[in-house]
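# A look at the structure
Listed below, chain by chain, are the residues.
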Amino acid sequence: MIREKDRRNALFDVFNYAFIGVLGFVALAPMLNLFAISFSDNSAVMGGYVTFWPVNFTLENYAVIFKSPAIYRAFSVTVQRTVLGVVISQFLTIITAYPLAKSAREFKGRNIFVWLFVFTMLFEGGLIPFFMVIRSLGLLNTIWALIVPGVSAWSVILLMNFFKEVPQELEEAAVLDGANHWQILWKIYVPLSIPALATLTLFAAVWHWNAWFDGMIFMTDPNNYPLQTYLRTVVIDLNSSALQMDVRQIDALSQRALRGAMIFVTTIPIMILYPFLQRYFVTGIKLGAVKG
Amino acid sequence: MYRLKPKTVAYLRRNWMLYLMLLPTLVLFIIFSYYPMYGLVMAFQKFNPGLGFFKSPWVGMGNFERLLNSPTFPRVVGNTLIIATAKLVTGQITAIFLALLFNEIRVVWYKRLIQNFLYMPHFLSWVVLGGILMEILAPMGLIGKLQQAIGIEPIVFLGSNTWFRPTVIITNLWKEAGWGMIIYLAALTALDPVLYEAAAIDGADRFQRIWYISIPGILPTIILVAALSLGDILQGGFDQIFNLYNPTVYQTGDIIDTFVYRMGLVQAQYGLAAAAGLFKSVIGFLLIIVSYKIAEKYAGYKIF
């Protein structure tokens, strides 16, 4: 019966909308809880009274964090590595993807070069030899250890595939006008690939912002830790002395509330960029994954 | 004197820039990817950082014998396989399930809003997520209070060998399952709406539409993702495990990558750690090749 079918569909919709809503809430709940904790005072957090709304609202946790010199230092390391890392890796990705996007007839040796890059996606030396290489090059404890190895073969291949779609006629017209490869790349290929480049840039920026392991192993001096590595010593290793604050000051606060505030401070840039990130990352997934 | 053919000269005059453009990245890859691959020779050495890859004394298969004879390494490989496989299977099933449900939602703002919530953890590092988890799993934390409310004994999720793996698997879903559905949603959007209209005329209800149109429609994508995930069954997820585990749960939670880190960079057993890394790289390489072959054969997939 038609009526029976409509009833089943309506029932499905009710359950579906409710279920999806609950899932959305569950995914967000841990963040909401911590957010509320970061604005609550010591006694309320330790007593377990905070759920999704601050109890005994206070800004003291954030005030303490913004007084700690260590967090500014770590923040500045992360900003440096992110800016330098993204600019350098994007520039190199662009000038590498261009020759690789040529046919093997136009660019002799092209197939071998592509394989050299692809092979690094299939096989790796792994952590220990990589560490030894960084060490033997004297890059330990320098910001270059966090930046120079950052060109991703995956991005190069993705951009190469994107460059291949650039209409040949445009390029031929430019050649007739006397343009060389460098000019063709920057005047034709790059402007036509802005969406792909925006996606790759955001990927690289988020990667640099979130990276913590390289900072932990390559920076022998904790004063050079990037933000996420520094955050790790505070929230995972629970090392409050890393905050470099007066002990009495820490005791007066809930360390848990302090850690909550710390986590949010390091996440602010991601949250601000989130609407863009979301959109471009979704594009990126579709560019990279859904082929063939 | 050897002279270049005129054709070659013309070719080079036109295209030398292409080689120059490729050069910097090629050099970086030789230093940071290929040199470490050569460095894997240390798996067969008693490696001494002062002597380097070239001068450290050789020990043949000694490191591998020690690895395979120790009780730890086989356990670590087992943990890796169990955790990685469980994550892949639960992750894909959840992602497919979510995509099918989201595809039935017609209220666009509601769909977008909830997608935003589900994608959020994907953009945060495991340091941040680990910090949040330690907080909500702490005594009197969010989860503890929930358990109290429904009247069950509080569980120490991150300090128990019974609960560590389930915690890893579920928190992995929290971070990645929402994100994982994107590829299936894209495949569903690409399906011809005429199919659904025809089904509606024939009297199909929601369940029948999902069962007879949506699922067969995304089957190629499911096969492709499944084939490609084969290459990941040695990826236990270093970032996640490292930020959640502790010595109490090494027995069930220690994976190859965390083992390599501790052996190599904490205990300075370089040769042994590199041997474990080589083991993972070689098997991982073979798995990826097989997975690409399968993906190519059954889903027409090509990387470039």
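### A closer look at the overall build of chain A
Within chain A, the regular secondary structure consists of 15 helices and zero strands. Relative to a compact globule of 292 residues, whose C-alpha radius of gyration would be 19 Å, chain A shows 25 Å and is clearly more extended. Its C-alpha atoms put chain A at 75 × 75 × 35 Å along the principal axes. Put simply, chain A has 292 residues, and 52% of those count as buried. Residue pairs in contact within chain A that sit at least 24 positions apart in sequence constitute 67% of those at least 6 positions apart. For chain A, the accessible surface area stands at approximately 13,400 Å², while carbon and sulfur atoms represent 67% of it. Treating the 21 positive side-chain charges of chain A as one cloud and the 17 negative ones as another, the clouds have centres 3 Å apart.

### Quick notes on the side chain of Thr258(B)
Residue and element names in this part refer to chain B. Relative to the elements of secondary structure, threonine 258 occurs in helix α13 (residues 256-266). A polar atom in the side chain of threonine 258 sits 2.6 Å from the side chain of aspartate 254. Engagement of the side chain of threonine 258 in a polar contact is seen with the backbone oxygen of isoleucine 255, the distance being 2.8 Å.

### Focus on the interface of chain B and chain A
Taken together, the contact pairs 96 residues of chain B with 103 residues of chain A. Linking chain B with chain A are four salt bridges, by the criterion used here. On the surface where chain B and chain A come into contact, there are 27 residue pairs in polar contact (both at pLDDT 80 or more). Residue composition of the side of chain B that touches chain A, by class: 72 nonpolar, 15 polar and nine charged.

### Description of the pattern of salt bridges
Under the criterion given, the structure shown has twelve salt bridges over all chains. In this structure, Asp205(B) and Arg8(A) form a salt bridge, with 2.7 Å as the shortest nitrogen-oxygen distance. Taken together, the residues span two chains, with Asp205(B) in the loop between α9 (193-201) and α10 (206-229) and Arg8(A) in helix α1 (residues 2-38). In this structure, the salt-bridge partner of Glu135(B) is Arg256(A), at a minimum N-O distance of 2.6 Å. Highlighted residues: Glu135(B) in helix α6 (residues 126-136) and Arg256(A) in helix α15 (residues 255-289), drawn from two different chains. You can call Arg256(A) buried: its relative accessible area is 11%.

### Some remarks on the environment of Gly284(B)
Residues and elements named next belong to chain B. Within the element layout of this structure, glycine 284 appears in helix α14 (residues 270-299). Classification of glycine 284 by relative accessible area gives buried; the value is 12%. The spacing of glycine 284 and glutamate 135 is 149 residues in sequence and 35 Å in space, taken between C-alpha atoms.

### A closer look at the packing of helix α6 (residues 127-136) of chain A against helix α1 (residues 6-39) of chain B
Running from amino to carboxyl end, α6(A) crosses α1(B) at an angle of 120 degrees, the nearest separation of the two axes being 8 Å. As α6(A) runs across α1(B), the sense of the crossing is right-handed. Residue-level inspection shows Pro129(A), Phe130(A), Val133(A) and Ile134(A) of α6(A) in contact with α1(B), the latter providing Ile31(B), Phe32(B), Tyr35(B), Pro36(B) and Gly39(B). Within the contact of α6(A) with α1(B), the residues separate by chemical class into eight nonpolar, one polar and no charged.

### Notes on the environment of Lys280(B)
All names here are of chain B. Relative to the helices and strands, lysine 280 is located in helix α14. A residue is classified by how much of its surface remains accessible, and lysine 280, at 10% relative accessible area, is buried. Each C-alpha atom of the pair lysine 280 and aspartate 257 lies 8.7 Å from the other, and the pair is 23 residues apart in sequence. One polar contact links lysine 280 to aspartate 257, side chain to side chain, over a distance of 3.0 Å.

### Examining the packing of helix α5 (residues 110-122) of chain A against helix α8 (residues 153-163) of chain A
Residue and element names in this part refer to chain A. Put simply, α5 and α8 touch, their axes get as near as 8 Å, and they point 135 degrees apart. In terms of their interaxial angle, α5 and α8 are classed as oblique. In this structure, the crossing between α5 and α8 has a hand that is left-handed. Contacts between α5 and α8 involve Arg110, Val114, Phe117, Val118, Thr120 and Met121 from the former and Ala153, Trp154, Ile157 and Met160 from the latter.

### Focus: the packing of aromatic side chains
Considering all chains together, one arrives at 47 aromatic pairs over all chains under this definition. Centroid distance Trp212(A) to Phe242(B): 5.8 Å. Interplanar angle 15 degrees. Geometry classified as stacked. Of the two residues, Trp212(A) sits in the loop between α11 (194-210) and α12 (213-218) while Phe242(B) sits in helix α11 (residues 238-244), which places them in two different chains. An identical accessibility class is assigned to Trp212(A) and Phe242(B); each is buried. When the centroid spacing of 5.4 Å and the interplanar angle of 85 degrees are considered together, the rings of Tyr274(A) and Phe123(B) count as edge-to-face. With Tyr274(A) in helix α15 and Phe123(B) in the loop between α5 (108-119) and α6, this residue pair bridges two chains.

### Description of the nonpolar core
Most often, soluble globular proteins keep nonpolar side chains buried together rather than apart. Membership of the largest hydrophobic core comes to 178 residues, with the highest contact counts inside it found for Phe163(A), Leu185(A), Tyr119(B), Met181(B) and Tyr184(B). Contact partners of Tyr119(B), with chain neighbours within four places excluded, come to Tyr274(A), Gln278(A), Val282(A), Gly178(B), Trp179(B), Met181(B), Ile182(B) and Leu185(B).

### A few points about a nonpolar patch on the surface
On the surface, Phe75(A), Val79(A), Val83(A), Leu84(A), Val87(A), Ile88(A) and Trp144(A) cluster together into a nonpolar patch covering about 560 Å² of accessible area. Counting residues per element, the nonpolar patch draws most heavily on helix α4 (residues 69-100) of chain A, at six residues.

### Let's talk about the side chain of Ser291(B)
Residue and element names in this part refer to chain B. With respect to the helices, strands and loops of the structure, serine 291 is situated in helix α14. Classification of serine 291 by relative accessible area gives buried; the value is 1%. With residues near it in sequence (within four places) discarded, serine 291 still touches Ala227, Leu228, Leu230 and Gly231.

### What to know about α10(B)
All names here are of chain B. Between its first and last C-alpha atoms α10 spans 30 Å; for 24 residues at 1.5 Å apiece the expected length is 34 Å, and the helix comes up short by more than 12%. Of all the bends found along α10, the most pronounced is centred on leucine 219 and spans about 45 degrees, while proline 220, a proline, follows it within four residues. Within α10 the residues assigned to the buried category are Arg206, Arg209, Ile210, Ile213, Ser214, Ile218, Thr221, Ile222, Leu224, Val225, Ala227 and Ser229. In this structure aspartate 205 caps α10, since a side-chain oxygen of it lies 3.1 Å from the backbone nitrogen of phenylalanine 207.

Conventions and cut-offs
Every residue gets a number counted from 1 within its own chain, in the order that chain's sequence is written. Think of it this way: whatever chain is written first is A, whatever ligand is written first is 1, and the rest follow in order. The model is predicted, so local features are restricted to residues of pLDDT at least 70 and side-chain atom pairs to those at 80 or more, both for listing and for counting; the totals for chains, interfaces and linings are taken over all residues. Side-chain descriptors were evaluated using all non-hydrogen atoms of the structure, hydrogens and water having been removed beforehand. Each helix is a run of DSSP H or I of at least 4 residues and each strand a run of E of at least 2, with the numbering of both proceeding from the N terminus. This radius of gyration counts C-alpha atoms alone. The globule rule is 2.2 Å times how many residues there are, raised to the power 0.38. Relative accessibility thresholds used throughout: buried, under 20% of the residue-type maximum; exposed, over 50%; partly exposed, between the two (1.4 Å probe, protein chains only). It only takes one pair of heavy atoms within 4.5 Å for two residues to be counted as in contact. All accessible-area figures derive from a Shrake-Rupley calculation using a 1.4 Å probe, and residue coverage is judged against the displayed protein chains alone. Working convention for charge: Lys and Arg count positive, Asp and Glu count negative, and His plus the chain ends are omitted. Working definition for charges: the position is that of NZ of Lys, CZ of Arg, CG of Asp or CD of Glu. Polar contacts here mean pairs of N or O atoms no more than 3.5 Å apart (in protein, one a potential hydrogen donor and the other a potential acceptor; neighbouring residues in sequence count only if both atoms are side-chain atoms). Put simply, a salt bridge is a Lys or Arg side-chain nitrogen that is within 4 Å of an Asp or Glu carboxyl oxygen. All residues other than Ala, Val, Leu, Ile, Met, Phe, Trp, Tyr, Cys, Pro, Asp, Glu, Lys and Arg, Gly among them, are scored as polar; the first ten of these are nonpolar and the last four charged. For helices, the fitted axis covers only the stretch in contact; all axes are lines through C-alpha atoms, and the angles between them, taken along N-to-C directions, range from 0 to 180 degrees. Here is the rule for handedness: rotate from the far helix to the near one, and if that takes an anticlockwise turn smaller than a right angle the crossing is left-handed, while a clockwise turn gives right-handed. Comment on the angle field: the value is read as roughly parallel under 35 degrees, roughly antiparallel over 145, roughly perpendicular from 65 to 115, and oblique elsewhere. A pair of aromatic rings is counted whenever rings of Phe, Tyr or Trp (Trp by its six-membered ring) have centres within 6.5 Å, and the orientation is called stacked for planes under 30 degrees apart, edge-to-face for over 60 and tilted otherwise. Take the buried residues of types Ala, Val, Leu, Ile, Met, Phe, Trp, Tyr and Cys, join any two whose side-chain atoms come within 4.5 Å, and each joined set is a nonpolar core. The residues that make up patches have over 30% relative accessible area and no salt bridge, and they are joined within 9 Å when like-charged or within 5 Å when they are Val, Leu, Ile, Met, Phe, Trp or Tyr. To estimate how far a helix should reach, multiply one less than its number of residues by 1.5 Å. Values of bend correspond, residue by residue, to the angle between axes fitted over the seven residues ending at that residue and the seven starting there.

Remember, this is a structural readout, not a statement about activity or role.
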